[in-house]
Amino acid sequence: MKRVFSSFDRIAVYHALNLLESEGIRAIVRNEMLSSAMGELPPAECQAEVWVLQEADAPRAETVIREGSQPAGGPPWRCACGELSEAQFTQCWSCGALKAAAQG
Ligand SMILES: [Zn+2]
């Protein structure tokens with residue numbers, strides 16, 4: 001296991017997790033709720049973290065997260081199912097199709 005991302009922003013953490021899952025990289029979130037559950041660690045240690053299960057996936061995972069976490073850029077994209085998604089989303093919220101597939 002290797003940590004590839006950490007943040008106090010749980011939305012960002014789960015976004016990173018979703019990015020990895022959409023790439024077929026197995027990953028988990030750790031430390032969630034640790035601050036309230038454990039009460040042992042100082043706040044700085046209580047960021048939620050994304051870990052990949054296979055350390056060999058780490059370099060690719062970091063690339064996926066970096067590219068997927070960039071600020072919204074570009075126009076919204078339209079999925080094959082007809083739904084419009086903002087540029088920062090890599091998957092259709094409606095049917096789950098990948099942006100890459102929609103853009104051919
Ligand atoms: Zn769709």
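A. Here's a closer look at the overall build of the chain. The helix and strand tally for the chain stands at 4 helices and 5 strands. The N-to-C order of helical and strand elements in the chain reads β-α-β-α-β-α-β-β-α. In the chain, which comprises 104 residues, the proportion classed as buried is 29%. For the chain, restricting intrachain contacts to residue pairs at least 6 apart in sequence, the fraction spanning at least 24 positions comes to 48%. Taken as a whole, the chain presents about 6,700 Å² of accessible surface, with 51% of it coming from carbon and sulfur.

B. Layout of helix H3 (residues 58-68). Of the positions making up H3, those classed as buried are Ala-58, Ala-61, Val-64, Ile-65 and Gly-68. Seen end-on, H3 carries its buried residues on one side only, within an arc spanning 120°. For H3, the exposed residues lying more than 90 degrees away from the buried face are Pro-59, Arg-66 and Glu-67. The secondary structure elements touched by the buried residues of H3 are strand S1 (2-7), helix H1 (10-22) and strand S3 (48-52).

C. Main features of the side chain of Asp-57. Topologically, Asp-57 is positioned in the loop between S3 and H3. The buried charged residue Asp-57 lacks any salt bridge, with Arg-60 as its nearest oppositely charged partner at 4.6 Å. Beyond its immediate chain neighbours, meaning those up to four positions away, Asp-57 contacts Ile-25 and Val-52.

Definitions and cut-offs
Residues numbered from 1 in each chain as written. Predicted model: local features only at pLDDT ≥ 70, side-chain atom pairs only at ≥ 80, totals over all residues. Heavy atoms only, no water. Helix = DSSP H or I, 4+ residues; strand = E, 2+ residues; numbered from the N terminus. Buried < 20%, exposed > 50% of the residue type's maximum accessible area, 1.4 Å probe, protein only. Contact = heavy atoms within 4.5 Å. Areas by Shrake-Rupley, 256 points an atom, 1.4 Å probe, with all protein chains shown as cover. Arc of directions from axis to C-beta. Lys, Arg positive; Asp, Glu negative; His and termini not counted. Salt bridge = Lys/Arg side-chain N within 4 Å of Asp/Glu carboxyl O.

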